[in-house]
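Working through the structure, step by step
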Amino acid sequence: MNLIDRDLKVIWHPYTQMKTALPPVPIVRGEGASLYDENGKRYIDGVSSWWVNIHGHSHPYIAKKVAEQLTKLEHVIFAGFTHKGAVELAERLLEILPDSQAKAFYSDNGSTAIEVAIKMCLQYWHNQGKSRTKILAFKNAYHGDTFGAMAVSGRSAWTAPFDSMLFEVEFIDLPNEANIADLKSQISNLKSELACFVFEPLVQGSAGMLMYEAEYLDELMSHCKNEGVLLIDDEVFTGFGRTGKRFACDHLKTQPDIMCFSKGLTGGTMALGLTTCTQAIFDAFLSDDRLKTLFHGHSFTANPVAIAAALASLDLFLDNATADNIQRITNLHHEFDLKIKNHPKLKTTRQTGTILALEWETGDNTSYFSSLRDKLYTYFLDAGIILRPLGNIIYILPPYCITNEELNYIYSKIEQALNEL
């Protein structure tokens, strides 16, 4: 029995309708921006394997550091104990994050990083005897699939079976010049109830790479600060260079109270989540009253092996070569965007940093369930490119090590698809 048949016999894949989906592609190894299947076919990973891989697959430096860690310490309970890697990673990250960030809380993925942030905010007010329990979020947001993260995500077909069980959230439109005054007014009217505002800065990934201007997010954040509403900056996707700067918040003047990280945190090597916060939030939990403790944790909190991967990834990320690659990809995306944006089969294009999205014109509204999705996916897979369309929207989000030749091949196949499909 081959690997595909064995998989289909025992595996339930994420975001997959198992009755109608194509058989999974059996990948046996990765190198740089490429993945190889069991028959030796090469695929360019144009989506960084769900946005996590920033330095390329099987990076030898990360592999070396992980292997070294495995011979020293694989895991230790993180309540009452600590280890060098956890301290060092927190120290090094806090050095390059906004000055507002003072403490780091580890978890194990992006969804849990958001759960921690939500609980921090809600209990921050509870510990002070104040009833501020509502949360502000953007329409079409996506913050994860656990219940708290799902509750602060936009209501959609994804959340429909659970809507009655999700806590109430105040959803607002993305800010722009036309609506910013009204959004600020809404926030002022709710300020005595709002615990926090959670947002994906500049780019809403799962919503179809929807992009908005830093200027108006900054204005919204500043207004929330003035009204005493805590700010949760979800950098799970946008962190570690995706928007052209180290973090999306580096495009902003207003500093968040809490930041959430995962995906590129370990260079895509393994799961790790991190939530950072201000000293003021941390201090709200300091008390002789044990009931004011943040009662949250995970078995694999601050796993030493995952942290070894994160430290190695951070070494690579802070190297000048990575910054040069981010700028190179940003420039190439911009050139291709200018070339392709007026194509009659495209409804719109949008780019922020290393993220380039192309929305196919279908005659209908944009939809995650567009029938065009499977045609596009298969077309590029046959051409040896992994692009995972969000309905009628395709996006390129490559590892930073991708070569100009590989990027130009992806661009050429997109042009070809526009002419043939």
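That block above? That's the structure.
Below or above, wherever it landed, is the structure these notes cover. (Residues numbered from 1 in each chain as written. Predicted model: local features only at pLDDT ≥ 70, side-chain atom pairs only at ≥ 80, totals over all residues. Heavy atoms only, no water.)

Counted according to the given criterion, the structure contains 17 aromatic pairs. Ring geometry for Phe247 versus Phe261: centroids 5.6 Å apart, planes at 70°, classification edge-to-face. Here Phe247, found in the loop between β10 (230-234) and β11 (258-261), pairs with Phe261, found in strand β11; they are 14 residues apart in sequence, far enough to count as distant. Look at Phe247 and you get buried, because its relative accessible area is 0%. In this structure Phe261 comes out as buried when scored by relative accessible area, which is 1%. Put simply, the rings of Tyr15, Trp50, Tyr142 and Trp158 pair up and form one aromatic cluster. (Phe/Tyr/Trp six-rings, centres within 6.5 Å; stacked < 30°, edge-to-face > 60°. Helix = DSSP H or I, 4+ residues; strand = E, 2+ residues; numbered from the N terminus. Buried < 20%, exposed > 50% of the residue type's maximum accessible area, 1.4 Å probe, protein only.)

Attention now moves to the layout of surface pockets. In this structure, the largest pocket occupies an estimated 1,400 Å³ of space. Residue lining of the largest pocket: 30 residues in total, with Pro14, Thr16, Arg373, Tyr377 and Arg388 positioned closest to the centre. Going through the elements one at a time, α2 (48-51) and α12 (372-382) are the ones with two or more residues in the lining of the largest pocket. Here the lining of the largest pocket takes four residues from α12, the largest share from any one element. Here the residues of the lining of the largest pocket sort into 20 nonpolar, seven polar and three charged. (1 Å grid on protein atoms, 1.4 Å probe; cavity = no way out; pocket = protein on both sides within 12 Å on 5 of 7 lines; lining within 4 Å. Points joined across faces, edges and corners; volume = space filled by probe spheres on them. Nonpolar A, V, L, I, M, F, W, Y, C, P; charged D, E, K, R; others polar.)

Here strand β5 (residues 134-138) lies mainly inside the structure; five of its five residues are buried. Pairing analysis gives four bridges linking β5 to strand β7 (residues 194-199), with the strands arranged parallel. Looking across to β7, one finds that Ala137 is bridged to Val198. In this sheet, strand β6 (residues 169-172) lies alongside β5 in parallel orientation, the contact comprising four bridges. The partner of Ala137 across the bridge, within β6, is Phe171. (Pairing = 2+ DSSP bridges.)

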